[in-house]
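Here is how the chains run, residue by residue.
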Amino acid sequence: MSTPVPQFLPRPYQSYVYAYPHKTAYRPLGDSRPALRELWAHEPKDALSLYLHIPFCEVRCGFCNLFTRIGAPDELTGRYLDALDRQAAAVREALGDDGPVRFAAAAFGGGTPTFLTAGELERLCDIAEKRMGADLTAVPLSVETSPATATADRLAVLAERGTTRVSIGVQSFVDAEARAAVRPQRRADVEAALGRIRDAEIPVLNIDLIYGIDGQSERTWLSSLDAALGWEPEELYLYPLYVRPLTGLGRLGAAADAAWDEQRLRLYRTGRDHLLARGYEQVSMRMFRRAGAPPSGADDHACQTDGMIGLGCGARSYTSALHYSFDYAVGMGEIRRIIDDFTTTRDFSRAEVGRRVDEGEARRRHLLQSLLQAKGMEVADYRERFGAAPADHFPAELERFAALGWLDAAAGPGRLRLSPEGLAHSDALGPELFSPAVRAAMAAYEPK
């Protein structure tokens with residue numbers, strides 16, 4: 001592989017790639033809405049992932065563009081769970097009983113699943129187990145929470161029902177930085193929540209932190225990292241701050257520039273080196289796991305071949321030929337409309353919004369999601385699935401990555417792996433692997 005001198009270095013923070021194709025490339029399926037029974041008829045169903053989405057939060061952070069609404073008036077959570085139950089029944093029926101239907105992992109996300117009461121969390125677990133047939137005590141179960149909603153009664157339910165991992169969004173232990181990110185919280189409340197999580201004896205604690213907040217310095221970043229390390233979390237996720245349309249920070253007019261890129265890169269390297277020196281291994285650009293910590297399931301949504309069942313109006317489902325979901329929005333008015341529509345839906349037997357995945361897109365997804373993991377990808381695995389080496393399908397992209405110094409030359413011919421700088425630039429590398437068709441669909445998407 002030749003290594004031409006690169007003409008320019010791409011901006012390091014373009015897009016956080018946690019799934020491909022991106023949801024902004026999805027479109028209404030219209031008259032071609034396929035029946036779920038047909039979609040899943042010939043799919044392997046013995047190692048599925050199950051994701052239940054709860055689109056409610058007590059507050060909305062300034063950086064958040066997740067599909068979630070603030071509060072739930074007029075018993076909305078109960079009506080939402082009713083709809084989730086109907087959807088689960090329809091999906092399980094569509095999966096059929098011709099072959100084994102087994103779930104290898106489960107997750108509750110959002111939003112904030114622990115916005116639900118303890119009793120509602122019991123019901124959520126019942127939907128996963130009694131409707132879908134997932135044994136939550138026998139598979140990895142990850143649940144997201146927040147400082148305000150990580151209460152003892154909710155955590156007790158999660159622990160009893162088999163939760164193996166709790167992920168809490170802290171973002172910063174510095175109160176002034178939390179305010180700058182439009183995240184109203186006090187460090188004392190965060191510490192109290194972490195204490196309750198540890199008291200619940202759930203095996204894996206993950207703490208999310210954000211770098212690049214206005215006013216954040218290397219000193220304050222290290223202080224947040226050390227505060228998190230004081231709880232000896234099994235996992236830490238370090239996220240660069242993004243300012244996206246229709247978010248609180250976006251409305252304030254914050255914009256990315258070269259100085260901010262440099263600040264985020266500097267803080268990323270500081271955080272990475274700090275964790276590596278303290279016994280953590282790097283799993284991806286964002287994820288760090290404490291040495292000896294128990295595994296918590298698939299790393300960074302990296303499954304390329306197993307199917308995903310998503311329940312809830314913000315969840316995605318993956319088959320080999322179609323990724324599908326419901327309508328997507330960031331603005332509060334549209335989110336409320338979509339949730340209201342979901343709660344009144346009676347027929348969940350068809351896919352509504354999605355994007356078809358041909359073999360070319362499947363190749364991109366496999367390469368992208370493997371390459372963004374620190375361990376990289378076995379070339380033989382790719383060749384076995386697609387009949388050729390990655391360099392045969394993506395010669396220009398891989399030559400460019402090598403020229404930029406993003407590939408680890410020491411990995412050997414049998415493994416494709418990013419260098420430390422390649423990992424640091426994951427949010428630039430990932431988008432470069434998007435197909436022209438997906439790029440065009442994302443560009444045409446109008447935020448709402």
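Before any of the text, the structure's been laid out above.
A brief report on the enclosed structure follows. All values derive from a computational prediction rather than experimental measurement. (Residues numbered from 1 in each chain as written. Predicted model: local features only at pLDDT ≥ 70, side-chain atom pairs only at ≥ 80, totals over all residues. Heavy atoms only, no water.)

### Considerations on the overall build of the chain
Part 1: When you go through the chain residue by residue, the secondary structure sums to 17 helices and 17 strands.
Part 2: Computed over its C-alpha atoms, the radius of gyration of the chain comes to 21 Å, within 12% of the 22 Å expected for a compact globule of 448 residues.
Part 3: If one aligns the C-alpha atoms of the chain with their principal axes, the spans along those axes are about 60 × 55 × 45 Å.
Part 4: Scored against the burial criterion, the 448 residues of the chain give a buried share of 57%.
Part 5: Considering only contacts in the chain between residues 6 or more positions apart, those separated by 24 or more positions represent 78%. (Helix = DSSP H or I, 4+ residues; strand = E, 2+ residues; numbered from the N terminus. Rg over C-alpha atoms; globule rule 2.2 N^0.38 Å. Buried < 20%, exposed > 50% of the residue type's maximum accessible area, 1.4 Å probe, protein only. Contact = heavy atoms within 4.5 Å.)

### A closer look at the layout of surface pockets
Part 1: Approximately 540 Å³ is the volume attributed to the second largest pocket.
Part 2: Around the second largest pocket, the lining is made up of 32 residues, and of these Ser325, Phe326, Asp327, Glu352 and Val353 lie nearest the centre.
Part 3: When residues of the lining of the second largest pocket are traced back to their parent elements, those giving at least two are strand E1 (27–28), helix H2 (76–95), strand E14 (322–325) and helix H10 (332–344).
Part 4: Top element by residues in the lining of the second largest pocket is H10. It accounts for four residues. (1 Å grid on protein atoms, 1.4 Å probe; cavity = no way out; pocket = protein on both sides within 12 Å on 5 of 7 lines; lining within 4 Å. Points joined across faces, edges and corners; volume = space filled by probe spheres on them.)

### Looking at H10
Part 1: Over its 13 residues, H10 extends 19 Å from the first C-alpha to the last, a length consistent with the 18 Å expected when each residue adds 1.5 Å.
Part 2: Along H10, the residues classified as buried are Ile335, Ile338, Ile339, Phe342 and Thr343. The buried side chains of H10 occupy one side of the element, clustering within an arc of 135 degrees when seen end-on.
Part 3: Here the buried face of H10 lies against strand E3 (56–57), strand E4 (69–70) and H2. (Expected span 1.5 Å × (residues − 1). Arc of directions from axis to C-beta.)

### Points about the pattern of salt bridges
Part 1: Applying the stated criterion across every chain yields a total of 29 salt bridges.
Part 2: Ionic pairing is found between Glu218 and Arg266, a salt bridge with its closest N-O pair at 3.3 Å. Here Glu218, found in helix H7 (residues 218–229), pairs with Arg266, found in helix H9 (residues 258–276); they are 48 residues apart in sequence, far enough to count as distant.
Part 3: For Glu218, a relative accessible area of 35% gives the class partly exposed.
Part 4: Between Asp261 and Arg264 there is a salt bridge, with the nearest N and O atoms lying 2.7 Å from each other. (Salt bridge = Lys/Arg side-chain N within 4 Å of Asp/Glu carboxyl O.)

### Focus on the pairing of E14
Part 1: Residues Leu322 and Tyr324 line one face of E14 and the alternating positions His323 and Ser325 line the opposite face, and both faces are buried.
Part 2: By the bridge criterion, two bridges tie strand E13 (residues 317–318) to E14 in an arrangement that is antiparallel. Within E14, the residue paired with Tyr318 across the bridge is His323.
Part 3: Linkage of E13 to E14, two consecutive antiparallel strands, is achieved through a turn of three residues.
Part 4: In terms of strand pairing, E14 meets strand E15 (residues 353–356) through four bridges, oriented antiparallel. Bridging from a neighbouring strand, His323 pairs with Arg355 of E15. (Pairing = 2+ DSSP bridges.)

### Focus on unusual backbone geometry
Most peptide bonds take the trans configuration, and most residues that are not glycine carry a negative phi.
Part 1: Cis geometry is adopted by the peptide bond preceding Pro21, which originates at Tyr20 and carries an omega value of -5 degrees.
Part 2: Structurally, Pro21 is set in the segment before E1.
Part 3: Across the junction of Gly110 and Gly111, the peptide omega takes the value 20 degrees, indicating a cis bond.
Part 4: Inspection of the secondary structure puts Gly111 in the loop between strand E5 (103–110) and helix H3 (118–131).
Part 5: Located in the positive-phi region is Asp74, a residue other than glycine, with phi close to 55 degrees.
Part 6: Tracing the backbone through its elements, the reader meets Asp74 in the loop between E4 and H2.
Part 7: A residue is classified by how much of its surface remains accessible, and Asp74, at 66% relative accessible area, is exposed.

### Digging into the packing of aromatic side chains
Part 1: Scanning all chains against the criterion turns up 16 aromatic pairs.
Part 2: Arranged with centres 6.2 Å apart and planes meeting at 35 degrees, the rings of Tyr328 and Tyr445 form a pair that is tilted. Of this pair, Tyr328 sits in the loop between E14 and H10 while Tyr445 sits in the segment after helix H17 (436–444), placing them 117 residues apart in sequence.
Part 3: Given the relative accessible area of 14%, Tyr328 is considered buried.
Part 4: Connected via pairs of aromatic rings, a cluster forms that spans Phe56, Tyr80, Phe115, Phe326, Phe342 and Phe348.
Part 5: Lying over the aromatic face of Trp260, Arg264 brings its terminal NZ or CZ to 3.6 Å of the ring centre.
Part 6: The ring of Tyr318 has Arg365 sitting right over it, with the charged end atom 4.9 Å from the ring centre. (Phe/Tyr/Trp six-rings, centres within 6.5 Å; stacked < 30°, edge-to-face > 60°. Lys NZ or Arg CZ within 6 Å of the ring centre and 35° of its normal.)

### Some details on the packing of H2 against H3
Part 1: H3 packs onto H2 with a crossing angle of 10 degrees between their chain directions and a minimal axis gap of 10 Å. Relative to H3, the element H2 lies roughly parallel. When H2 is examined against H3, the residues Thr77, Gly78, Leu81, Asp82, Leu84, Asp85, Ala88, Ala89 and Arg92 are found in contact with a partner set consisting of Glu120, Arg123, Leu124, Ile127 and Arg131.
Part 2: The residue inventory of the contact of H2 with H3, partitioned by class, reads six nonpolar, two polar and six charged. (Axes fitted to C-alpha atoms, helices over the stretch in contact; angles between N-to-C directions. Parallel < 35°, antiparallel > 145°, perpendicular 65-115°, else oblique. Nonpolar A, V, L, I, M, F, W, Y, C, P; charged D, E, K, R; others polar.)

### A closer look at helix H4 (residues 152–160)
Since the α-helix turns once every 3.6 residues, residues separated by three or four places project in the same direction.
Part 1: Taken as a whole, H4 has its buried residues at Arg154, Leu155, Val157 and Leu158. An end-on view of H4 places all buried positions within 155 degrees of arc, on one side of the element. Exposed residues pointing more than 90 degrees away from the buried face of H4 are listed as Ala152 and Glu160.
Part 2: On its buried face, H4 is in contact with H3, strand E6 (141–145) and helix H6 (187–199).
Part 3: Note on H4: the residue one or two positions beyond its end, Gly162, has a positive phi of about 105 degrees.

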